[in-house]
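Take a look at the letters that make up each chain.
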Amino acid sequence: MKVAVLRERREAEHRVAVTPNSVKKLLGLGLEVAIEAGAGMSVHLTDATYEQVGARVMADADAALEGAELVLVVQQPKAAELARIASGAVLIGLLDPMANKADMAETAKVGITAFSLEFLPRISRAQSMDALSSQSSLAGYRAVIDGAAKFGRAFPLMMTAAGTIAPAKVFVMGAGVAGLQAIATAKRLGAVVSATDVRAAASEQVESLGASFIAPPVMEDAETVGGYAKELGNEMRRRQAKITSETLTRMDVVICTALIPGRPAPVLIDEDMVRTMKAGSVIVDLAVEQGGNCTLSKPGEVVEAHGVHVLGHRNVPSRIAVDASSQYAQNLLNFLTPLLKDGTFAIDWEDEIVQGALITRGGKVVHPRLAG
Ligand SMILES: NC(=O)c1ccc[n+]([C@@H]2O[C@H](COP(=O)([O-])OP(=O)(O)OC[C@H]3O[C@@H](n4cnc5c(N)ncnc54)[C@H](O)[C@@H]3O)[C@@H](O)[C@H]2O)c1
């Protein structure tokens, strides 16, 4: 069975869906791998590197897709490439189905069976496939690096003959996968770190990383049965805003990661709060593509307002594309392997993981969150 790997064409996308290591494993599963020329260039993987491990490098997407029954991507292919995928082929990627509903309908129309890894159930059997976690963790790391680079001062306490530099104060809003990695990274750089979340369970995780947990004195636990956060009611939102306002005046770098699945990102920082922050401080808004946790952040821009820089980089995992690609390629491989037997598809359509990630099949958008 032929597997096609495409060069990514979306803006600010530098990742690639397979690495030489994952190609070797795909070949070991009895597959033939055809990769579009230049697919790995943005992560320093040359065509020759892929050829050396046994992939066939094809001149363009058309040639790579010719006769392919499986297509591996990072993001949803653009219309021109989508139309070249054979009816009945399987497409696997991080297709962002909620934001790309029209594309999902088009994918179904072409007759593609599409799986999107964002929709994997977060059960322990799916942990090795969990691309959201692998990518969010790297985004959390990168957000702190970006924040530190923009901040005109050092992070650690430095006692030198020329005087003492106080450690930076970093505040992480949202302590999920990205937030916890942001906390760990800021700690490693020597900052004094605090964090907040609306899930009560997060406080122990924050404290186990050596950060302090900041929350209103009385706060309801906003965790759903699925382990995610839900939107706060007005009273809780008011209490959170009060403590956020008090906290921000003391902070140097703020990393925003708060999200609610399927909803716009919660607004946590407004312009009045930014106005009270110290000149030279930095806000990194990882939620910018979902609307932003800070009202001043703009997707793809660095905004300066009231002496504060607000960073709204898009696609932050792609800003650390080498590691993001290798982790993603491994997630893809771990998802794909149980779908195969003797080099061909043997999909158990009743399986919870298959059902969770399946977006289109038989000419229809079938996922319950998108269908109808
Ligand atoms: N395989 C697994 O079992 C698995 C894998 C990854 C994550 N998880 C769990 O899933 C949950 C969600 O993690 P995630 O990183 O995907 O979350 P996410 O990306 O959806 O959200 C990020 C964080 O923002 C927080 N948040 C939402 N509204 C907020 C607000 N108003 N103020 C402050 N914080 C707010 C959420 O509680 C969450 O911690 C966590 O409990 C995590 O441990 C489980």
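Rules used throughout
- All residue numbers here refer to positions counted from 1 along the written sequence of the relevant chain.
- Residues qualify for local features only when their pLDDT is at least 70, as the model is predicted, and side-chain atom pairs are given and counted only at 80 or more; totals for whole chains, interfaces and linings, by contrast, use all residues.
- Where side-chain values are given, they derive from all heavy atoms of the structure, hydrogens and water being excluded.
- We count a salt bridge whenever a side-chain nitrogen from Lys or Arg sits within 4 Å of a carboxyl oxygen from Asp or Glu.
- Throughout, exposure labels follow a simple rule: accessible area from a 1.4 Å probe, protein chains only, divided by the maximum for the residue type, with under 20% read as buried, over 50% as exposed, and the rest as partly exposed.
- Every helix listed is a DSSP run of H or I at least four residues long, and every strand listed is a run of E at least two residues long, numbered separately from the N terminus.
- Stacked, tilted and edge-to-face are the three classes assigned to paired rings of Phe, Tyr and Trp, where Trp is represented by its six-membered ring and a pair needs centres within 6.5 Å; plane angles under 30 degrees give stacked, over 60 edge-to-face, the rest tilted.
- Both cavities and pockets are sets of points on a 1 Å grid over the protein atoms alone; in a cavity a 1.4 Å probe fits but cannot get out, in a pocket the set is open with protein on both sides within 12 Å along at least five of seven lines, and lining residues sit with an atom within 4 Å of a point.
- Grid points are joined across faces, edges and corners, and a volume is the space filled by probe spheres set on the points.
- Three residue categories are used. Nonpolar comprises Ala, Val, Leu, Ile, Met, Phe, Trp, Tyr, Cys and Pro, charged comprises Asp, Glu, Lys and Arg, and polar comprises the others, including Gly.
- Pairing between strands requires that DSSP locate at least two bridges from one strand to the other.
- Clockwise travel from the first strand over the helix to the second, with the strands pointing away from the viewer, marks a crossover as right-handed.
- Only heavy atoms enter the contact rule, under which two residues are in contact if any of them lie within 4.5 Å.
- Of all possible arcs, the one meant is that of the directions from the helix axis to the C-beta atoms.
- Each domain's limits were defined by an automated method or a database of domain assignments.
- The term buried area refers to how much accessible surface (probe radius 1.4 Å) is lost by two components on association, counted for both of them together.
- If even one non-hydrogen atom of a residue comes within 4 Å of a molecule or strand, that residue is called near it.
- Polar contacts here mean pairs of N or O atoms no more than 3.5 Å apart (in protein, one a potential hydrogen donor and the other a potential acceptor; neighbouring residues in sequence count only if both atoms are side-chain atoms).
- Only the protein chains shown count as cover for residues, with accessible areas throughout obtained via the Shrake-Rupley method and a probe of 1.4 Å.

Thoughts on the pattern of salt bridges
Phase 1: Within the structure shown, the criterion is met by 22 salt bridges.
Phase 2: For the salt bridge of R15 with E13, the shortest nitrogen-to-oxygen distance reads 2.8 Å.
Phase 3: For R15, a relative accessible area of 7% translates into the label buried.
Phase 4: Judged by relative accessible area, E13 falls into the buried class, the value being 7%.
Phase 5: For E223, the salt bridge is made with R199, and the minimal N-O distance between the two is 3.8 Å. One end of the pair, E223, is in the loop between β11 (212-213) and α9 (234-248); the other, R199, is in the loop between β10 (192-196) and α8 (201-208), and 24 residues separate them in sequence.
Phase 6: Residues joined by salt bridges that share partners form a network here, namely R7, R9, E36 and E81.

A look at the packing of aromatic side chains
Phase 1: Throughout the structure, instances matching the rule amount to 3 aromatic pairs.
Phase 2: Ring geometry for F115 and F335: centres 5.4 Å apart, planes at 65°, overall edge-to-face. Taken together, the positions of F115 in strand β6 (residues 113-116) and F335 in helix α11 (residues 321-336) put the pair 220 residues apart, joining distant regions of the chain. Each member of the pair, F115 together with F335, is buried.

Some thoughts on empty space enclosed by the protein
The rolling of a water-molecule-sized probe over the atoms marks out the regions of remaining empty space.
Phase 1: Evaluated as defined, the whole model comprises 2 cavities of 30 Å³ or more.
Phase 2: Approximately 60 Å³ is the volume found for the largest cavity.
Phase 3: Forming the walls of the largest cavity are L6, R7, E8, R9, R10, V73, Q75, Q76, P77, K78 and E81.
Phase 4: One number sums up the size of the second largest cavity: a volume of about 30 Å³.
Phase 5: Taken together, L117, E118, L120, R122, D130, L132 and Y228 make up the lining of the second largest cavity.
Phase 6: Of the residues that constitute the lining of the second largest cavity, the class distribution is 4 nonpolar, no polar and 3 charged.

Notes on the pairing of β10
Phase 1: Of all 5 residues in β10, 4 are buried, a share of seventy percent or more.
Phase 2: Note: strand β9 (residues 169-173) against β10, 5 bridges, orientation parallel. For V172, the partnering residue across the bridge sits in β10 and is A195.
Phase 3: Remark: the β9/helix α7 (residues 177-188)/β10 crossover connection has right-handed handedness.
Phase 4: As defined by bridge partners, β10 adjoins β11 across 2 bridges and the pair is classed as parallel. Along β11, the bridge assignment pairs A195 with F213.
Phase 5: Chirality of the crossover, the property in question, places the unit of β10, α8 and β11 among those that are right-handed.

Some details on the environment of V254
Phase 1: Relative to the helices and strands, V254 resides in strand β12 (residues 253-256).
Phase 2: Taking the C-alpha atoms as reference points, V254 and A143, 111 residues apart in sequence, are found 9.7 Å from one another.
Phase 3: Not counting residues up to four positions away in its chain, the partners in contact with V254 are F171, M173, L248, I269, M277, V282, I283 and V284.

Things to note about helix α5 (residues 101-110)
Phase 1: Taken as a whole, α5 has its buried residues at M104, T107, A108 and V110. Within α5, the buried residues cover an arc of 160° as seen down the axis, which keeps them to one side. Facing away from the buried side of α5 by over 90 degrees, the exposed positions are A102 and K109.
Phase 2: Looking at the buried positions of α5, the neighbouring elements they touch are α4 (79-82), β5 (90-93), β6, β18 (358-361) and β19 (364-365).
Phase 3: Remark: G111 follows α5 within two positions and exhibits a positive phi of approximately 90°.

Some words on the domain arrangement of the protein chain
Phase 1: Here the protein chain is described as being made up of domain 1 (2-129 + 320-362) and domain 2 (139-319).
Phase 2: Contacts between domain 1 and domain 2 engage 9 residues on the former and 9 residues on the latter.
Phase 3: For the pair domain 1 and domain 2, the summed buried area comes to about 750 Å², and 49% of that belongs to carbon and sulfur atoms.
Phase 4: The tally of links from domain 1 across to domain 2 stands at 0 salt bridges.
Phase 5: Grouping the constituent residues of the side of domain 1 that touches domain 2 by class yields 4 nonpolar, 2 polar and 3 charged.

Here we look at unusual backbone geometry
Phase 1: We note that A12 has phi near 60°; this positive angle belongs to a residue other than glycine.
Phase 2: Locating A12 in the fold gives a position in the loop between β1 (2-5) and α1 (20-28).
Phase 3: Owing to a relative accessible area of 34%, A12 belongs among the partly exposed residues under this scheme.
Phase 4: Despite not being glycine, N315 has its phi angle at roughly 45°, a positive value.
Phase 5: Tracing the backbone shows N315 in the loop between β15 (308-311) and α11.

Comments concerning the site of the ligand
Phase 1: Looking at the ligand, there are 21 residues lining it, with R122, V177, D197, R199 and Q240 nearest.
Phase 2: In this structure, V177 approaches the ligand through a main-chain N or O atom, which is 2.7 Å from an oxygen atom.
Phase 3: Within the backbone of L259, a nitrogen or oxygen atom sits 3.4 Å from an oxygen atom of the ligand.
Phase 4: Against a free-state accessible area of 830 Å², the protein chains account for coverage of 84% of the ligand.
Phase 5: Across the shell around the ligand, the residue classes break down as 10 nonpolar, 7 polar and 4 charged.

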